[in-house]
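Structural overview for review
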Amino acid sequence: MAFNDSSHYPEGVISFLDTDLYKLTMQCAVLKYFPQVQVTYAFTNRTPEKKLSRKAFRWLEAQINKLGNIALSSDELKFLQQSCKYLNQEYLDFLKEFRLNPRDQIVASFTPDDDTNSENDVGEIDIKVKGLWVDTILYEIPLLALTSEAYFKFMDTDWNYDGQQEKAYRKGKRLLEAGCILSEFGTRRRRDYHTQALVFRGLVEAKKDGERVKLPGILTGTSNVHLAMRFNIPPVGTVAHEWFMGVAAIDGDYETATHKALSYWVGCFGEGVLGIALTDTFGTPAFLRAFREAIPDHKTTRSGAAGSDNEIDGANTTAKSFAEVFAGVRQDSGDPAEFVRIMREFYDTNGIKDKKTIVFSDSLNIELCLEYKTIAEEKGFQPTFGVGTFLTNDFTHATTGTKSIPMNIVIKLSSANGNPAVKISDNIGKNTGDKDTVEKVKKQLGYEEKGWSLGDEKTRWGSENEPPK
């Protein structure tokens, strides 16, 4: 565990499991189906006015290199065996020996706005990752968390931890009082590890107090596997866009990509396991065309670089569709009210009467959770909420009381098997990847642009120096 010279709080990434659960589940599936596929990842700062100094970048570089020193401990392995039984033995054996190799797999660069060769020079950073998919898939979460930590350690420093646990308790209590089912999803854009730990401690206290007085809401857990282990609460998570992006890019067949990605997922984990589907990678309408199809039987072999030896045998199918087997879907972009309407129509049209879950996870706060809860319940869904940045990076400036705005940063798969990887989503502000490929895929899939008044990625968490709400 590393510590800041001027602070007794831990800095950087302190555990192999200090990541989101879905990175482990996707790595498990990649190991099974695509162990030889080469990929690249690209960094995007959607808040470009938030830059690092040279000193901050040097700290970030050092922390990135330290990722190579982290390994899965015996206690962490035991926790995965007991709490994540869907992770197969082959994968757990793989993790025992797995190491990141950032010096060979990551290129981080700093471009100063005005180069005076000073540690105080400010500029843009870039981060690129390359290597085998199975070897590099775990970088995304720690790289994002470290970049955010660097910014708030060196650039925006007018803040402290005072009241963070209490604030998280109040937020959790209010959501539980309202009957919300929620999870903490805040690792990637947290202010730092200590903040996330304080926040989750506050949420756990709210959970315990809520259970004592029989509040209707439920805290189901955290996406951070290390914190789940630390607080003895199950880790939670859903599949990410990366899975669909990678499967599509490997052979460039976007018309069948979603069906393949869903099929491989069920083939790896089984029907009804990890059963929340993310709908918006190539737009929800394209996703639903695959989601209504029957689940094929699987014949799998070890793949080559392109995964071309993997087979999905559709000649013999189960009686159920993906939509029937999956417990529900996750809404991560676009207008949530429109999404609920579309999903209700979809399930009704396909004769699916089971009560399904919608996980809302797009830049939530208390008011939005309560609004979406009402909308979803009125349409017969069970709403749940993955709340992230609103919990783990909600600060005000200590001297002025104005809001300290989080960075809006992402790291996305940019290529697989030498082909561009793209994400379209249900909000144009979240399009990522090669622009020509994005436009080609939109035309191929019949994608239609739709506006949404709250879809501005640059001001997702407010504007700098505005009064806190």
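Residues numbered from 1 in each chain as written. Predicted model: local features only at pLDDT ≥ 70, side-chain atom pairs only at ≥ 80, totals over all residues. Heavy atoms only, no water.

Helix-helix packing: each pair is described by the crossing angle between the helix axes and the interaxial distance. Across the interface, helix α11 (residues 241-251) lies against helix α12 (residues 254-269) with an axial gap of 8 Å and an inter-helix angle of 125°. Comparing their axes, α12 and α11 come out oblique. Both α11 and α12 take part in a crossing whose hand is right-handed. Within the contact between the two elements, α11 uses W243, F244, V247, A248, A249 and D251 and α12 uses Y254, A257, T258, K260, A261, L262, Y264 and W265. (Axes fitted to C-alpha atoms, helices over the stretch in contact; angles between N-to-C directions. Helix = DSSP H or I, 4+ residues; strand = E, 2+ residues; numbered from the N terminus. Parallel < 35°, antiparallel > 145°, perpendicular 65-115°, else oblique. Left-handed = near helix turned anticlockwise from the far one by under 90°. Contact = heavy atoms within 4.5 Å.)

Right, let's get into unusual backbone geometry. One non-glycine residue, N232, lies in positive phi territory at about 55°. Position of N232 among the secondary structure elements: in the loop between α10 (225-231) and α11. Despite not being glycine, N417 has its phi angle at roughly 60°, a positive value. Mapped onto the elements, N417 comes out in the loop between β15 (409-416) and β16 (419-420). Owing to a relative accessible area of 27%, N417 belongs among the partly exposed residues under this scheme. (Buried < 20%, exposed > 50% of the residue type's maximum accessible area, 1.4 Å probe, protein only.)

Here we come to the nonpolar core. In summary, soluble globular proteins display a tendency toward joint burial of nonpolar side chains. In terms of nonpolar packing, the biggest core is built from 141 residues, with F34, L80, W133, W243 and F291 touching the most fellow members. The residues contacting W243, other than those within four sequence positions of it, are M26, A29, V30, Y33, F34, W133, A261, Y264 and W265. (Core = buried A, V, L, I, M, F, W, Y, C linked by side-chain atoms within 4.5 Å.)

Below, the discussion takes up the sheet that holds strand β7 (residues 276-278). As summarised here, the arrangement of the six strands in space is β6-β5-β12-β11-β10-β7, forming an open sheet in which the pairing is parallel. In this open sheet, the two edge strands, each paired with only one partner strand, are β6 (218-222) and β7. For this sheet, the mean inter-axis angle between neighbouring strands, taken without regard to orientation, is 25°. (Pairing = 2+ DSSP bridges.)

Moving on, we get to the side chain of S53. Secondary-structure assignment places S53 in strand β2 (residues 52-53). Residue S53 is classed as buried on the basis of its relative accessible area of 7%. Each residue touching S53, except ones within four places of it in the same chain, is listed here: F110, E119, N120, D121, V122, F154 and M155.

Take the side chain of R54 next. Relative to the helices and strands, R54 is located in helix α2 (residues 54-66). At 2.9 Å, the side chain of R54 and the side chain of D115 are in polar contact. Contacts of R54, omitting those with residues within four sequence positions, involve F110, P112, D115, N117, S118, E119 and D121. (Polar contact = N/O pair within 3.5 Å; in protein donor to acceptor, adjacent residues only side chain to side chain.)

Turning our eyes to something else, we now look at the packing of α2 against helix α7 (residues 140-154). Running from N to C, α2 and α7 point in directions that differ by 145°, and their axes come no closer than 9 Å. Note on packing geometry: the crossing formed by α2 with α7 is right-handed. Together, K55, A56, W59, L60, Q63 and I64 of α2 and L143, L146, T147, E149, A150, K153 and F154 of α7 make up the contact between the two elements. When the residues that make up the contact of α2 with α7 are grouped by side-chain class, the tally is eight nonpolar, two polar and three charged. (Nonpolar A, V, L, I, M, F, W, Y, C, P; charged D, E, K, R; others polar.)

Residue placement: L278 occurs in strand β7. For L278, a relative accessible area of 0% puts it in the buried group. When neighbours within four sequence positions are excluded, L278 is seen to be in contact with V239, A240, H241, F244, F287, R330 and D332.

Okay, the state of the cysteines next. Applying the stated rule across the entire model yields zero disulfides. Between C84, a free cysteine, and C28, which holds the nearest cysteine sulfur, the sulfur-to-sulfur gap is 10 Å. Among the residues examined, C84 registers a relative accessible area of 0% and is labelled buried. No disulfide involves C369; its sulfur sits 5.6 Å from the nearest other cysteine sulfur, which is in C180. What makes C369 buried here is its relative accessible area of 1%. (Disulfide = S-S within 2.5 Å.)

Quick look at the pattern of salt bridges now. This model, assessed by the stated rule, comprises 24 salt bridges. For R58, the salt bridge goes to E119, with nearest N and O atoms at 2.9 Å. In this pair, R58 is assigned in helix α2 and E119 in the loop between β3 (106-112) and β4 (122-132), connecting sequence segments 61 residues apart. Classification of E119 as partly exposed rests on a relative accessible area of 35%. Among the ionic pairs, E211 bridges to K207, the shortest N-O distance being 2.8 Å. Of this pair, E211 and K207 are both found in helix α9 (residues 193-212), four residues apart, which corresponds to roughly one turn of the helix. Three or more residues are tied together by salt bridges with common partners; here these are K23, E140, R188 and E242. (Salt bridge = Lys/Arg side-chain N within 4 Å of Asp/Glu carboxyl O.)

This part covers the confidence of the model for the chain. Chain-level statistics for the chain give a pLDDT mean of 92 and a share of 90% at 70 or above. Throughout residues 300-305 the model reports pLDDT below 50, and contacts reaching past four residues in sequence, or to other chains, amount to 22 contacts. Counting contacts from residues 313-317, a segment whose pLDDT is below 50, to residues more than four positions away or on other chains yields nine contacts. (pLDDT = per-residue confidence, 0-100.)

Considering the arrangement of structural elements, one finds N69 in the loop between α2 and α3 (74-83). Sequence spacing of N69 and P102 is 33 residues, and the spatial spacing of their C-alpha atoms is 9.8 Å.

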